[in-house]
Amino acid sequence: MPEKKTEPWAMASMDELLAFAWAMEQEAIDGYVSLAARMRAENRPDLAAVFERLIAEERGHIGKVDQWLGDRTPEPITLAKPLFDDEGAGVVAPELLTSYRAFSIAVRNEERAFVFWTYAAAHAPSDEIRQAAERMAREELSHVATLRRERRMAFHEMRRADSDSMKGDLPAFEERLSELLSHVPAPAFGERAERLRGFANEALERASALRVVPPAETLLLQHVPKNVTGRIVPLCEFLLDCYLDLAERERTEPVRARMQTFASEVIRCLYAAREQ
């Protein structure tokens, strides 16, 4: 079958959606294979092992897509814009790389994939494709949770004992996020200003909802990194970790879904903040 170039979000059929999913997972595998090979060549077996773990994770993802494909062969797809980004790990001096950074790269790639599928669902031409795209988004959110947990472990392994930590609760951190978003320089009108106002309002709505119905405890609030409230990105990162941790620990489906919804909103804000 001839190769087909397809613009993001423009999926006309289930076969095309699954082909897109397969191509995205294979792109990530190829990226991590390249990074693992470079780490071995640079005599960094520790990092090669990390990238090998990421390869195994992505192969598990592509195996899930293969299950959905069944007997069908995915149509060759050339992504109009690569979604996998090694963030310079392929060229930076290996001495500057850490396991924490490797997992950070993986986390951000999964977050990009999540955003991709949410947009695909929003632009779906049929209910069938929308539901499938939403299913892919849920899968990616699960991958985000897994990799962020791995990243936290890597962080704690490399972090020295540090007593400098902040205190606070989720509503207060959400209100701070809204404040930071409200002070980002932007034209009074236009798409960017509207998006920032939307994210700021979402943060206030989450804060209000959390004050009315407080969530369960998360240990992450006991060790809040110093200065996490100084910028949008680290604050979003921290809030996302909290909501994913709460979702993983919660056994009541409505509460778990609520935390996952909050996590989804924060991911979209985080993704937009990184584009600024």
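Before reading further, recall that the structure is shown in the block above.
All of the points below concern the structure found in this document. Just so it is clear, the structure is predicted and the values come from calculations on it, not from any experiment.

### Some details on the overall build of the chain
Thinking step 1. Counting its secondary structure elements, the chain contains 8 helices and 4 strands.
Thinking step 2. Counted from the first residue to the last, the chain has its helices and strands arranged as β-α-α-β-α-α-β-α-α-β-α-α.
Thinking step 3. Compactness check: the chain gives a C-alpha radius of gyration of 20 Å against a globular reference of 19 Å for 276 residues, within 12% of the reference.
Thinking step 4. Each principal axis of the C-alpha atoms in the chain carries an extent, and together these give about 55 × 50 × 45 Å.
Thinking step 5. Counting contacts in the chain only where the partners sit at least 6 residues apart, residues at least 24 apart contribute 78% of the total.
Thinking step 6. Total accessible area on the chain is roughly 14400 Å²; 52% of this is exposed by carbon and sulfur atoms.
Thinking step 7. If the 37 positive side-chain charges of the chain are averaged to one point and the 47 negative ones to another, these points end up 4 Å apart.

### Regarding the packing of aromatic side chains
For any pair of aromatic rings, the description consists of the separation of the ring centres together with the inter-plane angle of the planes.
Thinking step 1. The full count for this structure, using the stated rule, is 7 aromatic pairs.
Thinking step 2. With 5.0 Å between their ring centres and 85 degrees between their planes, Tyr32 and Phe84 make a pair best called edge-to-face. With Tyr32 in helix α1 (residues 14–41) and Phe84 in the loop between β2 (77–79) and α3 (99–122), this pair connects stretches of sequence that are 52 residues apart.
Thinking step 3. Taking the relative accessible area as the measure of exposure, Tyr32 reaches 0% and is therefore buried.

### Quick word on the nonpolar core
Thinking step 1. Core analysis: the largest hydrophobic core is formed by 64 residues, its most contacted members being Leu17, Trp117 and Tyr243.
Thinking step 2. Element by element, the count of residues in this core is highest for helix α7 (residues 232–249), at 11 residues.
Thinking step 3. What Tyr243 contacts, discounting residues up to four positions off in sequence, is Leu170, Glu174, Arg206, Leu210, Met259, Phe262, Ala263 and Val266.
Thinking step 4. The next biggest cluster of nonpolar side chains, apart from the first, holds 24 residues, and it includes Tyr32, Ala89, Ala106 and Val107.

### Digging into helix α8 (residues 253–275)
Thinking step 1. Taking 1.5 Å of rise per residue, 23 residues should cover 33 Å, and α8 covers 33 Å from first to last C-alpha, within 8% of that figure.
Thinking step 2. Those residues of α8 that fall on the buried side of the exposure criterion are Met259, Phe262, Ala263, Ser264, Glu265, Val266, Ile267, Cys269, Leu270, Ala272 and Ala273.

### Overview of the environment of Arg256
Thinking step 1. For Arg256, the location among the structural elements is in helix α8.
Thinking step 2. As for Arg256 and Phe238, which are separated by 18 residues in sequence, their C-alpha atoms are 18 Å apart.
Thinking step 3. Beyond its immediate chain neighbours, meaning those up to four positions away, Arg256 contacts Ala247, Glu250 and Arg251.
Thinking step 4. Among the polar contacts made by the side chain of Arg256, one reaches the main-chain carbonyl oxygen of Glu250 at a distance of 2.7 Å.

### Describing the pattern of salt bridges
Thinking step 1. Applying the stated criterion across every chain yields a total of 21 salt bridges.
Thinking step 2. A salt bridge links Arg211 to Glu175, with the shortest nitrogen-to-oxygen separation between them at 3.2 Å. Pair noted here: Arg211 is in helix α6 (residues 191–212) and Glu175 is in helix α5 (residues 170–182), with a separation of 36 residues, a long-range link.
Thinking step 3. For Arg211, a relative accessible area of 46% corresponds to the partly exposed category.
Thinking step 4. A salt bridge links Arg176 to Glu179; its shortest N-O distance comes to 3.3 Å. On the criterion of helical spacing, the pair formed by Arg176 and Glu179 is a turn pair, its members being 3 residues apart in helix α5.
Thinking step 5. Linked by salt bridges that have partners in common, Glu111, Arg148, Arg151, Arg152, Glu237 and Asp241 make up one network.

### Structural notes on α5
Thinking step 1. Its 13 residues place the ends of α5 18 Å apart at the C-alpha level, agreeing with the 18 Å of an ideal helix rising 1.5 Å per residue.
Thinking step 2. Residues of α5 that are buried: Leu170, Pro171, Phe173, Glu174, Leu177, Ser178, Leu180 and Leu181.
Thinking step 3. The N-cap residue of α5 is Asp169: its side-chain oxygen and the backbone nitrogen of Ala172 are 2.9 Å apart.

### Section: the packing of α5 against α6
Thinking step 1. The geometry of α5 relative to α6 is characterised by a closest axis approach of 8 Å and an angle of 165 degrees between their N-to-C directions. Taken together, the axes of α5 and α6 lie roughly antiparallel to each other. Crossing hand, α5 versus α6: left-handed. Residue-level inspection shows Leu170, Pro171, Ala172, Glu174, Glu175, Leu177, Ser178, Leu181 and Ser182 of α5 in contact with α6, the latter providing Leu196, Phe199, Ala200, Ala203, Leu204, Arg206, Ala207, Leu210 and Arg211.
Thinking step 2. Of the residues contributing to the contact of α5 with α6, the split by class is 12 nonpolar, 2 polar and 4 charged.

### Some thoughts on the environment of Val144
Thinking step 1. When you line up the elements, Val144 lands in helix α4 (residues 127–158).
Thinking step 2. Taking the C-alpha atoms as reference points, Val144 and Leu240, 96 residues apart in sequence, are found 9.9 Å from one another.
Thinking step 3. Excluding its chain neighbours within four sequence positions, the residues that come into contact with Val144 are Glu110, Glu111, Leu244 and Ile267.

About the thresholds
- Residues numbered from 1 in each chain as written.
- Predicted model: local features only at pLDDT ≥ 70, side-chain atom pairs only at ≥ 80, totals over all residues.
- Heavy atoms only, no water.
- Helix = DSSP H or I, 4+ residues; strand = E, 2+ residues; numbered from the N terminus.
- Rg over C-alpha atoms; globule rule 2.2 N^0.38 Å.
- Contact = heavy atoms within 4.5 Å.
- Areas by Shrake-Rupley, 256 points an atom, 1.4 Å probe, with all protein chains shown as cover.
- Lys, Arg positive; Asp, Glu negative; His and termini not counted.
- Charge placed at Lys NZ, Arg CZ, Asp CG, Glu CD.
- Phe/Tyr/Trp six-rings, centres within 6.5 Å; stacked < 30°, edge-to-face > 60°.
- Buried < 20%, exposed > 50% of the residue type's maximum accessible area, 1.4 Å probe, protein only.
- Core = buried A, V, L, I, M, F, W, Y, C linked by side-chain atoms within 4.5 Å.
- Expected span 1.5 Å × (residues − 1).
- Polar contact = N/O pair within 3.5 Å; in protein donor to acceptor, adjacent residues only side chain to side chain.
- Salt bridge = Lys/Arg side-chain N within 4 Å of Asp/Glu carboxyl O.
- Axes fitted to C-alpha atoms, helices over the stretch in contact; angles between N-to-C directions.
- Parallel < 35°, antiparallel > 145°, perpendicular 65-115°, else oblique.
- Left-handed = near helix turned anticlockwise from the far one by under 90°.
- Nonpolar A, V, L, I, M, F, W, Y, C, P; charged D, E, K, R; others polar.

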